[in-house]
Amino acid sequence: MVLGACCFTVNAGVSRVALRAGVQPAMLTTIRVSLTFAVLLVIAALFRRSALRPPPRRMLLVVLAHGLIGVAALQWTYFVAIDRLPVGMALLLEYQAPILVALWARFVQREQVTRGLWWGLGLAVLGLGAATQVWRGARFDGLGVLAGLAAAVCFAGYFLIGEAAVARLDPLRLILWSFGVATIALNLVDPLTRFDTAHLGRHVSLLGTLDHGRLPLWAVLAWVVVLGTVVPFFAELFALSFVRATTVTVIAMLEPIGVSALGWGWFGESLGPVAILGCLAVVAGILIGQASRPDHIEPVAIT
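Residues numbered from 1 in each chain as written. Predicted model: local features only at pLDDT ≥ 70, side-chain atom pairs only at ≥ 80, totals over all residues. Heavy atoms only, no water.

1. Details of the overall build of the chain
For step 1, the next point in the chain: Check the secondary structure of the chain and you find twelve helices and two strands.
For step 2, the next point in the chain: Reading the chain from its N terminus to its C terminus gives the helix and strand order α-α-α-α-α-α-α-α-β-β-α-α-α-α.
For step 3, the next point in the chain: Intrachain contacts of the chain at a sequence separation of at least 6 include 85% that bridge at least 24 residues.
For step 4, the next point in the chain: Here the chain displays about 14,100 Å² of accessible surface, and carbon together with sulfur accounts for 69% of that area. (Helix = DSSP H or I, 4+ residues; strand = E, 2+ residues; numbered from the N terminus. Contact = heavy atoms within 4.5 Å. Areas by Shrake-Rupley, 256 points an atom, 1.4 Å probe, with all protein chains shown as cover.)

Here it is as structure tokens:
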């Protein structure tokens, strides 16, 4: 789970390089999902051909929901949120997902959720607000706020649906078919064929403190696909084979903290005392949430 959070963190900076190079957010999403699906197809064909088999009929709706909600809709709503809101506010809204997961576990799944987990979640959310300094340049945008809240719902759905699915499907098989569903949906909205491939060989600046470095655009996009998508998505789904979604989503809050540190080290963005205290509060909240997890809950087995 920590590996996934770290990969997503670095990918935020690499994605900014691609966006500043002229790749539009919607097209970047289509490229990211479509090429990830292609890579997963190759991996499955080489190492686990059983993953190429369509999911059982009883799992079709689950995989369809995971692809549309947990992959396609999550990517889309997040980009709308960061386009219309300050990034800190967008992240704060999206990372209400752990609370939604805990509420679902408590009132729908009837899972024991301890008081310590609620305290840990609350501390982590408050720390996240301080770390991202959401009050800076905050403005109210109705569509942006709705998109941020929708991203939180989709993020929670990714983990909850994934937790249910990996109990019956191998993680590679699940993620392959989920990305297949998302690829079809996104190409209907903004087809990959609209991308001008002549730009792939153009060298682009890495920005910020790495401004002196330049890479071809194809290498930047390859990073977004392989290390920014394939590795972290699979790592987080794999984590759901061993721990509950409530635990996974709390640890996922490391990502925006990493993004704040990345913005400071790579792009020269400010990271003052309040933001540092916020980062520490998030880490403390994660530790409290982890320590409060009931010991009797068994990991979800892969079949």
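2. Here we look at the pattern of salt bridges
For step 1, the next point in the chain: This structure, assessed with the given rule, holds two salt bridges.
For step 2, the next point in the chain: Notably, a salt bridge pairs Arg 48 with Asp 170, separated by 2.4 Å at the nearest N-O pair. Placement of Arg 48 in the loop between α2 (25–47) and α3 (60–84) and of Asp 170 in the loop between α7 (142–165) and α8 (171–189) is noted, with a sequence separation of 122 residues between them.
For step 3, the next point in the chain: Since its relative accessible area comes to 37%, Arg 48 is described here as partly exposed.
For step 4, the next point in the chain: Between Arg 194 and Asp 190 there is a salt bridge; the shortest N-O distance is 3.4 Å.
For step 5, the next point in the chain: By relative accessible area, which is 60% here, Arg 194 ends up exposed.
For step 6, the next point in the chain: Classification of Asp 190 as buried rests on a relative accessible area of 13%. (Salt bridge = Lys/Arg side-chain N within 4 Å of Asp/Glu carboxyl O. Buried < 20%, exposed > 50% of the residue type's maximum accessible area, 1.4 Å probe, protein only.)

3. Structural notes on the packing of helix α5 (residues 97–107) against α7
For step 1, the next point in the chain: Viewed as axis vectors pointing N to C, α5 and α7 meet at an angle of 55°, and their least axial separation amounts to 8 Å. Overall, the two elements α5 and α7 adopt an arrangement that is oblique. When the axes of α5 and α7 are compared, the crossing they make is right-handed. Each of Ala 97, Leu 100, Val 101 and Trp 104 in α5 lies in contact with α7, whose residues at this interface are Ala 152, Val 153, Phe 155, Ala 156 and Leu 160.
For step 2, the next point in the chain: Taken together, the residues that form the contact of α5 with α7 break down as nine nonpolar, no polar and no charged. (Axes fitted to C-alpha atoms, helices over the stretch in contact; angles between N-to-C directions. Parallel < 35°, antiparallel > 145°, perpendicular 65-115°, else oblique. Left-handed = near helix turned anticlockwise from the far one by under 90°. Nonpolar A, V, L, I, M, F, W, Y, C, P; charged D, E, K, R; others polar.)

4. Notes on the side chain of Ser 178
For step 1, the next point in the chain: Within the secondary structure, Ser 178 is located in helix α8.
For step 2, the next point in the chain: One polar contact links Ser 178 to His 66, side chain to side chain, over a distance of 2.8 Å.
For step 3, the next point in the chain: The contact partners of Ser 178, leaving out residues within four places of it in the chain, are Val 63, His 66, Gly 67 and Val 71. (Polar contact = N/O pair within 3.5 Å; in protein donor to acceptor, adjacent residues only side chain to side chain.)

5. Points about unusual backbone geometry
For step 1, the next point in the chain: Notably, Leu 207 is not glycine yet its phi reads approximately 65°, a positive angle.
For step 2, the next point in the chain: The residue Leu 207 is located in the loop between β1 (203–205) and β2 (214–216) in this model.
For step 3, the next point in the chain: Judged by relative accessible area, which is 18%, Leu 207 ranks as buried.

6. Side note on the environment of Leu 100
For step 1, the next point in the chain: Looking at the element boundaries, Leu 100 is found in helix α5.
For step 2, the next point in the chain: Relative accessible area serves as the criterion here: at 32%, Leu 100 is assigned to the partly exposed category.
For step 3, the next point in the chain: Separated by 52 residues in the primary sequence, Leu 100 and Ala 152 place their C-alpha atoms 8.0 Å from one another.
For step 4, the next point in the chain: Beyond its immediate stretch of four places on either side in the chain, Leu 100 contacts Ala 152, Val 153 and Ala 156.

7. With respect to α3
For step 1, the next point in the chain: Between the first and last C-alpha of α3 there are 34 Å, a value that for 25 residues agrees with the 36 Å anticipated at 1.5 Å per step.
For step 2, the next point in the chain: Most pronounced at Ala 73, the bend in α3 amounts to some 40°.
For step 3, the next point in the chain: Buried within α3 are the following residues: Val 63, His 66, Gly 67, Gly 70, Val 71, Ala 72, Leu 74, Gln 75, Thr 77, Phe 79 and Ala 81. (Expected span 1.5 Å × (residues − 1). Bend = angle between axes of the 7 residues up to and from the residue.)

8. Comments concerning the packing of aromatic side chains
For step 1, the next point in the chain: In this structure the tally under the stated criterion is four aromatic pairs.
For step 2, the next point in the chain: The interplanar angle of 75° and the centroid separation of 5.1 Å between the aromatic rings of Tyr 158 and Phe 159 together place this pair among those described as edge-to-face. For the pair formed by Tyr 158 and Phe 159, the shared burial category is buried.
For step 3, the next point in the chain: Relative to Phe 238, the ring of Phe 234 lies with its centre 6.2 Å away and its plane at 20°, an arrangement referred to as stacked. Of this pair, Phe 234 and Phe 238 are both found in helix α9 (residues 217–239), four residues apart, which corresponds to roughly one turn of the helix.
For step 4, the next point in the chain: Judged by relative accessible area, which is 28%, Phe 234 ranks as partly exposed.
For step 5, the next point in the chain: Residue class for Phe 238 comes out partly exposed when judged on its relative accessible area of 38%. (Phe/Tyr/Trp six-rings, centres within 6.5 Å; stacked < 30°, edge-to-face > 60°.)

9. Focus on the environment of Gly 142
For step 1, the next point in the chain: Positionally, Gly 142 belongs in helix α7.
For step 2, the next point in the chain: Sequence spacing of Gly 142 and Arg 84 is 58 residues, and the spatial spacing of their C-alpha atoms is 9.2 Å.

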